[in-house]
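A structural walkthrough
What follows is each chain in one-letter form.
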Amino acid sequence: MSGIFITLEGGDGAGKSTQAEMLGAWFEERGHEVVRTREPGGTRLGSELRRLLLHGGEEIGDVDSRAEALLYAADRAQHVARVVRPALERDAVVVQDRYIDSSLAYQGAGRVLEADDIRRISEWASGGLWPHLTVLLDLDPEAASERRRTRGGTTDRLESEADDFHTAVRESFLALAEADPDRYLVLDATLPPDELNAAILARVAPLVTH
Ligand code: TMP
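Every value quoted in this text rests on a predicted model; they were computed, and no experiment measured them.

Rules behind the numbers
Residues numbered from 1 in each chain as written. Predicted model: local features only at pLDDT ≥ 70, side-chain atom pairs only at ≥ 80, totals over all residues. Heavy atoms only, no water. Helix = DSSP H or I, 4+ residues; strand = E, 2+ residues; numbered from the N terminus. Rg over C-alpha atoms; globule rule 2.2 N^0.38 Å. Buried < 20%, exposed > 50% of the residue type's maximum accessible area, 1.4 Å probe, protein only. Contact = heavy atoms within 4.5 Å. Lys, Arg positive; Asp, Glu negative; His and termini not counted. Charge placed at Lys NZ, Arg CZ, Asp CG, Glu CD. Patch = residues over 30% accessible without salt bridge, like charges linked within 9 Å, V, L, I, M, F, W, Y side chains within 5 Å. Areas by Shrake-Rupley, 256 points an atom, 1.4 Å probe, with all protein chains shown as cover. Salt bridge = Lys/Arg side-chain N within 4 Å of Asp/Glu carboxyl O. Core = buried A, V, L, I, M, F, W, Y, C linked by side-chain atoms within 4.5 Å. Phe/Tyr/Trp six-rings, centres within 6.5 Å; stacked < 30°, edge-to-face > 60°. Near = heavy atom within 4 Å. Polar contact = N/O pair within 3.5 Å; in protein donor to acceptor, adjacent residues only side chain to side chain. Pairing = 2+ DSSP bridges. Axes fitted to C-alpha atoms, helices over the stretch in contact; angles between N-to-C directions.

Details of the overall build of the protein
- A count of helices and strands for the protein gives eight helices and five strands.
- Written out in order from the N terminus, the α and β elements of the protein read β-α-β-α-α-β-α-α-β-α-α-β-α.
- What you see for the protein is a C-alpha radius of gyration of 16 Å, in line with the 17 Å of a compact globule of 210 residues.
- Dimensions of the protein, computed from the C-alpha atoms along their principal axes, are close to 50 × 35 × 35 Å.
- Expressed as a percentage of its 210 residues, the buried residues of the protein come to 47%.
- In the protein, the proportion of contacts linking residues at least 24 apart, taken out of those at least 6 apart, comes to 79%.
- On the protein, the mean spot of the 24 positive side-chain charges and the mean spot of the 38 negative ones are 4 Å from each other.

Brief notes about a negative patch on the surface
- Together, Glu142, Glu161, Asp163 and Asp164 make up a region of like negative charge exposed at the surface.
- Examined against the element boundaries, aspartate 164 turns out to sit in helix 7 (residues 163–179).

A short note on the nonpolar core
- Residues Phe5, Val94, Leu129, Val169 and Phe173 are the most contacted members of the largest nonpolar core, which totals 27 residues.
- Elements supplying a minimum of two residues to this core: helix 3 (65–89), helix 4 (100–109) and helix 7.
- Setting aside its immediate chain neighbours within four residues, phenylalanine 5 contacts Val84, Leu88, Val94, Gln96, Tyr99, Leu129, Trp130, Pro131, His132 and Leu133.
- Of all hydrophobic cores here, the second largest spans 23 residues; its members include Trp26, Phe27, Val93 and Leu187.

Some remarks on the packing of aromatic side chains
- Enumeration over the complete set of coordinates arrives at four aromatic pairs.
- Considering the side-chain rings of phenylalanine 5 and tyrosine 99, the 5.1 Å spacing of their centres and the 75° angle between planes classify their relative orientation as edge-to-face. You can see phenylalanine 5 sitting in strand 1 (residues 4–9) and its partner tyrosine 99 sitting in the loop between strand 3 (93–97) and helix 4, a full 94 residues away along the chain.
- You can call phenylalanine 5 buried: its relative accessible area is 0%.

As for the site of the ligand
- By nearness alone, 13 residues border the ligand, and Arg50, Arg76, Arg98, Ser103 and Gln107 come closest of all.
- A distance of 3.3 Å separates an oxygen atom of the ligand from a polar side-chain atom of tyrosine 72.
- Here an oxygen atom of the ligand sits 2.5 Å away from a polar atom, N or O, in the side chain of serine 103.
- Here the ligand, which alone exposes 480 Å², has 92% of that area covered by the protein.

Looking at unusual backbone geometry
- Residue proline 40 follows glutamate 39 across a cis peptide bond; omega there is -10°.
- If you trace the backbone, proline 40 turns up in the loop between strand 2 (34–38) and helix 2 (44–55).
- Here the phi dihedral of aspartate 91 falls at roughly 70°; this positive angle occurs in a residue that is not glycine.
- Tracing the backbone shows aspartate 91 in the loop between helix 3 and strand 3.

A closer look at the sheet that holds strand 4 (residues 133–138)
- Taken in spatial order, the five strands line up as 2-3-1-4-5 in an open sheet, and their pairing is parallel. Bordering the open sheet on either side are strand 2 and strand 5 (184–188), each of which pairs with just one other strand. With strand direction ignored, the average angle separating the axes of adjacent strands in the sheet is 20°.

Here we look at the pairing of strand 3
- Counting buried positions along strand 3 yields five of five residues, so the element is predominantly enclosed.
- Relative to strand 3, strand 1 runs parallel, the two being bridged by five bridges. From the neighbouring strand, isoleucine 6 faces strand 3, where its bridge partner is valine 95.
- Bridging between strand 2 and strand 3 involves five bridges; their strand directions are parallel. Along strand 3, the bridge assignment pairs arginine 38 with aspartate 97.

Points about the side chain of lysine 16
- Within the secondary structure, lysine 16 is located in helix 1 (residues 16–29).
- We classify lysine 16 as buried; its relative accessible area is 9%.
- Beyond its immediate sequence surroundings of up to four residues, lysine 16 is in contact with Leu8, Glu9, Gly10, Gly11, Asp97, Arg98 and Leu137.

Okay, structure coming up:
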């Protein structure tokens, strides 16, 4: 496999989609095939899982933490097998919103599941595929919730969790980044989009061999 796999992480409202778009455009201008995708929801099965996980409400009732972790893992297994690996095998660049780190941060933040269990399930689901680079757009949960308010639209189940949940998610992302500085780039999400893009490109350029 010789493609490039880049993931973007951060709380809801940190600006991942904007950065993913700018990064994808940069690669496309250089003649690379770019696959922009996301978890959950990057496959047909995944779209159904995403709908259930984020907007299932009464339809699915009170979802047990283990069941929830396995549904994210099921989404990941299908996505890696059908979208991400095939893309990397044909040398494409995969720019993806959220991956294993989101499971570690969000499912771990509930403090019900062991981090090691979440990691094992995700690694099994993905066949041990880790990104070349993970960009963490770090944002204070209060600023993030303000952004979501001004953005408008509907609020999903996780977005409406209490503030201490979002604080735990943020701390968990920062701890993951600190533990793996070779894979991670942590950026202050309050910086202007152009500056964030420049910082990401500075880190991405050395990954490009052609
Ligand atoms: P988003 O893609 O619109 O940010 O929404 C996805 C939501 O799903 C977000 O709140 C984080 C959550 N999530 C998990 O809890 N675990 C996971 O493994 C992934 C990929 C996402």
